[in-house]
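Coordinates in review
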Amino acid sequence: MNTKARSMTSNDKNSPTPRAPSVLLAYRSELAIAMACVALLVGVGIFVPAALSSGNFANILQASAPLVIMSLGVLVVIITGGIDLSVGSIFSLTGMVTALAMANGFGDVTASLLGLGVGIVFGSINGVLITLVGLAPFVVTLITYAVAASLAFIVTNGRSLGVDSSDYWLLNSGELLPGIPNFVVFCLVFTVVLEFVLRKITAGRWFYSVGSSPMAAYLLGIPVKRTRFAAYVISGTMASFAGLLTVSYILNAEATAGASLMLQAIAAVVIGGASLAGGTGSAVGAVLGALMITIIQNGVNLIGINSFWQGSVTGLAILVAVLIDRFSHR
Amino acid sequence: MAADKLPLISVRNLQKSFGVTKVLRGVNFTVSAGQIHALLGGNGAGKSTMIRIITGGIRKDDGEISLSSQRDTEPKIAVVHQELALLADLSVAENIAIVHAASARSFVHARKRAEIGYKALSLIDPHLANTALHRRAADLSMHEGQIVEIARALSTGADVIMLDEPTANLTAGETERLFAVLRRLVTETNIGIVFVSHRMKEIRQLCDVCTIIRDGMTVIDAAPLERLTDVEIVHHMGQPDARNEIPARHKIDHADVGLVLKGPECAVPVLKGQILGLAGAPAGPSQVIALLNGTARSSTWGLEAEGWPERPTSPRQAVELGIGYVSGDRRSKGVLAQLPIIDNVLASRRVREGRVFVRRSERTECLDLVQALKLKAGSILDLPSTLSGGNQQKLLIARWLGMSLRLVVFEEPTRGVDIGTKRDIYELIRRMADAGTIVIWWSTENVELLELCDEILAFDTDGQAKGLLQSSQFNEDALADLTGMAA
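Note that the structure is predicted; figures quoted are calculated from it, not measured.

What counts and what doesn't
Residues numbered from 1 in each chain as written. Chains lettered and ligands numbered in written order. Predicted model: local features only at pLDDT ≥ 70, side-chain atom pairs only at ≥ 80, totals over all residues. Helix = DSSP H or I, 4+ residues; strand = E, 2+ residues; numbered from the N terminus. Rg over C-alpha atoms; globule rule 2.2 N^0.38 Å. Buried ≥ 20, exposed ≤ 12 C-beta atoms within 10 Å, placed from the backbone. Contact = placed C-beta atoms within 7 Å. Pairing = 2+ DSSP bridges. Axes fitted to C-alpha atoms, helices over the stretch in contact; angles between N-to-C directions. Parallel < 35°, antiparallel > 145°, perpendicular 65-115°, else oblique. Left-handed = near helix turned anticlockwise from the far one by under 90°. Nonpolar A, V, L, I, M, F, W, Y, C, P; charged D, E, K, R; others polar. Bend = angle between axes of the 7 residues up to and from the residue. Domains from an automatic or database assignment. Core = buried A, V, L, I, M, F, W, Y, C linked by C-beta atoms within 7 Å.

**A short note on the overall build of chain A**
A count of helical and extended segments in chain A gives 14 helices and two strands. Its C-alpha atoms give chain A a radius of gyration of 22 Å, within 12% of the compact-globule value 20 Å for 330 residues. In chain A, buried positions account for 48% of the 330 residues. Within chain A, residue pairs in contact and separated by at least 24 positions form 76% of the contacts whose partners lie at least 6 positions apart.

Below you can see the structure in the form of structure tokens.
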């Protein structure tokens, strides 16, 4: 064995150069999803030109609004490394409670607040069982999912309930800002506020810290339990709000209204770049994920494929999204 | 050394980049049969990356790797990583047996599994073999887990065994037994062993040849160790001279008691600006540390300090009181892996100062800290995983730097860190103490405590405080005696 000493050529690289953080760079994965959405729309447009009409865009936005809002709530939970399976049931129960309250003579506002209370109460139950009792999020929200789903049937014995109030549609479709329906405003405001909280508020960074390493976060003095609790309350409340919007749109409440939404919301968050292991994800990404799912559903309908295929196509979209995510990080 | 020099691993001109950073720029590495091979290099030199490429964990960009076996089987390499890799919910026996060919069969008899586990463990630690076989891996201490992993690697019949700082959590006795087993394995089965360590003493004790990697290139290729002096080795690693002077101490005001640690049978007054070392196996020091960082539910230890409760009831309270905490267990107790460097550095400040908004000025604040620590980072928006182990450790210290703390607790801050970074960390510890902060520092390397501390509280392996040494009484043998740990 010979001793070979090689001369060193490297320069000293001690100073960490602060790279200018560009917005494009910070949102590059979101940009990719947005482009995928556009590509999907154009793809559908080739078969059905009507897909690219402004009428259809309005349809997509209206159809996606509840999912967008629910996904934003689920995102917060997933960032903390948890999961919320109860959002679909909370959505349904909220609708039933609100419609029932109206049928019993409560005003629109009171009935809506009662509906929101469903999300706050169930979110709090999730939060308490997970943080104080220490049960696994999957198990806890599986329980509240089952309970809320059955309560949604119990309150009216399974009957669907119409909403008689003549003004209630204004919540969803009224135009507080002239020319822009409220559901669009709600989606935009929630997205912008949540994105701001997650990026620019210390407590928002805590969601990521807790999801990244609960032990390290705890040792740094971050209130891990409170942060987790807040995530489930936010998630439940957002699911309730999504339920209110839907009731306001179709003026009818049904016990199974939210049955398919829970998996769609989780899918939207994952397509949006969040990891189920926690610590990553953005509000903009989750919204785009929700839009993509809606675009797929819309496309399947327009092209006239049997709507039973929707799930398969959505599944494929999730697969593509996580594959892109996986290989772009290697 | 054996006459037979069959190369088991031969790496030629290996190259690898992560993004724009070139980590390996032409590494050569040859491990021959019957050799214990020291792999040396500073943090970030590329050792771990090379090991991960050889074992197939990540792909190479360019270069050649050939593996060969002395038998007719596929060449097999076993690695013991620095971080534990046990399956938490399986028993010790299952953890060991799972890598054995017998386990590939659908049904493995529980007794057979226990046999494999027992045989493997009793090589290094007969006591553990008798007591721990059916315990869950999650219930093992750090140090027991390390032994199980080493035993597992040794028992696989691999052609080459790579050990990445295996002695970091071992006592003197265990280290000695491990070395004896390694030597016996090499002479009896003629395998190759690669040993990564930052402890010169152990390297000299155990290894035959060494390869030194610096900045992604091989600077010394399989040279016999006896031909190199310590100074030469440090020089080739590109480290500052290990005997670099640490700045002289400021005077400590001996009347200015900052806090009193009250143990079961003792009370230790600690002066402001004093460095108190905790020496010994984890049992005792970990109790004191848990008391101070607010994680202890109840404690036989208590503290007495002006305006402080007897013990902080949560890490949050500890942070608010002005107690900093730096762990050497970077992965589970330190780094927020998914958050950029800036959030990692500023997390404790945001909590302590009750900051509501993430301000733009925090960028400059973080950059100043990063530069003050000579922390090698591409950008403060990068993830900590882009940093080497030593730089991650500095990042954990940056959290508390310049923060008007009354006390900083260090828990093995130099674990898995190269000599150059160790010196930097020593300097930082000194700097904090000189600013009037009390430093309480647990280390299993007695030498560094003896060099830097003002007083050392020694614990035996059962966690009993055995004695408080003043700097005038500092002495390696006395301390080793009190703690039962190697220097």
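**Side note on the sheet that holds strand β15 (residues 407-411) of chain B**
All names here are of chain B. The strand order across the open sheet formed by six strands is β14-β15-β16-β12-β17-β18, and the pairing between neighbours is mixed. Both edges of this open sheet fall to β14 (323-327) and β18 (465-470), since each of them pairs with a single strand only. Strand-to-strand twist of the sheet, defined as the mean angle between neighbouring strand axes without regard to direction, takes the value 15°. Across four bridges, the pairing between strand β12 (residues 275-279) and strand β17 (residues 455-459) is parallel. Considered in β17, the bridge of Leu-278 is made with Leu-457. Strands in contact with helix α9 (residues 283-293) are β12, β14, β15, β16 (438-443), β17 and β18; relative to β15, the strand with the most contacts, it is inclined by about 145°.

**Looking at the pairing of strand β4 (residues 62-67) of chain B**
Residues and elements named next belong to chain B. Of all six residues in β4, zero are buried; the element is thus mostly exposed. Direction of pairing for strand β1 (residues 7-18) relative to β4: antiparallel, over a ladder of five bridges. Among the inter-strand pairings, Ile-9 is bridged to a residue of β4, identified as Leu-67.

**A few points about the sheet that holds β1 of chain B**
Residue and element names in this part refer to chain B. The sheet built from three strands is open, its strands ordered β2-β1-β4 with antiparallel pairing. Where the open sheet ends on each side, the last strands, each with one partner, are β2 (21-32) and β4. Across the sheet, the mean angle from the axis of one strand to that of its neighbour is 15°, orientation sign disregarded.

**So, the packing of helix α5 (residues 108-131) of chain A against helix α6 (residues 137-154) of chain A**
Residues and elements named next belong to chain A. Orientation of α5 relative to α6, taken along the N-to-C sense of each, is 150°, at an axis distance of 9 Å. By the angle class used here, α5 and α6 are roughly antiparallel. Handedness of the crossing formed by α5 with α6: right-handed. Of the residues in α6, those in contact with Phe-122, Ile-125, Asn-126, Leu-129 and Ile-130 of α5 are Pro-137, Val-140, Thr-141, Thr-144 and Ala-148. For the contact of α5 with α6, the class distribution of residues is seven nonpolar, three polar and no charged.

**Considerations on helix α3 (residues 54-79) of chain A**
Approximately 45° is the largest bend angle found in α3 of chain A, and it occurs at Ser-64 of chain A, with the proline Pro-66 of chain A only one to four residues beyond. Positive phi shows up at Gly-81 of chain A, right after α3 of chain A, with a value of about 85°.

**Points about the packing of helix α4 (residues 87-103) of chain A against helix α12 (residues 261-271) of chain A**
Residues and elements named next belong to chain A. Remark: α4 packs on α12, axes separated minimally by 7 Å, with the N-to-C direction vectors making an angle of 130°. Between α4 and α12, the angle falls in the class oblique. The crossing of α4 and α12 is right-handed. Contact residues: α4 offers Val-87, Gly-88 and Phe-91, while α12 offers Leu-261, Met-262 and Ala-265. Taken together, the residues of the contact of α4 with α12 sort by class into five nonpolar, one polar and no charged.

**A few points about the environment of Gly-315 of chain A**
Residues and elements named next belong to chain A. Within the secondary structure, Gly-315 is located in helix α14 (residues 310-328). Exposure remark for Gly-315: the 11 C-beta atoms within 10 Å place this residue in the exposed category. Each C-alpha atom of the pair Gly-315 and Ala-267 lies 8.4 Å from the other, and the pair is 48 residues apart in sequence.

**As for the domain arrangement of chain B**
All names here are of chain B. Domain annotation of chain B identifies domain 1 (7-236) and domain 2 (257-483). For domain 1 versus domain 2, the separation of C-alpha centres amounts to 30 Å. Taken together, the contact pairs 13 residues of domain 1 with 16 residues of domain 2. By residue class, the composition of the side of domain 1 that touches domain 2 is two nonpolar, nine polar and two charged.

**Describing the nonpolar core**
The biggest cluster of nonpolar side chains holds 166 residues, and the ones touching the most others in it are Ile-69 and Met-70 of chain A together with Val-439 of chain B. Here the element with the most residues in this core is helix α11 (residues 224-250) of chain A; it accounts for 14 residues. In this structure, Met-70 of chain A is in contact with Val-87, Phe-91, Met-238, Ala-239, Ala-242, Leu-261 and Ala-265 of chain A, ignoring residues within four places of it in sequence. Counting 73 residues, the second-largest nonpolar core is a separate cluster that includes Ile-124, Leu-140, Ile-193 and Ile-419 of chain B.

**Regarding the interface of chain B and chain A**
Each partner contributes to the interface: chain B provides 45 residues, whereas chain A provides 35 residues. For the side of chain B that touches chain A, the secondary structure elements donating two or more residues are β8 (209-214), β9 (217-224), α10 (315-321), α11 (330-334), α12 (341-352) and α13 (361-372) of chain B. Take the side of chain B that touches chain A: its biggest share by element is eight residues, from β9 of chain B. For the side of chain B that touches chain A, a count of residues per class yields 25 nonpolar, nine polar and eleven charged.

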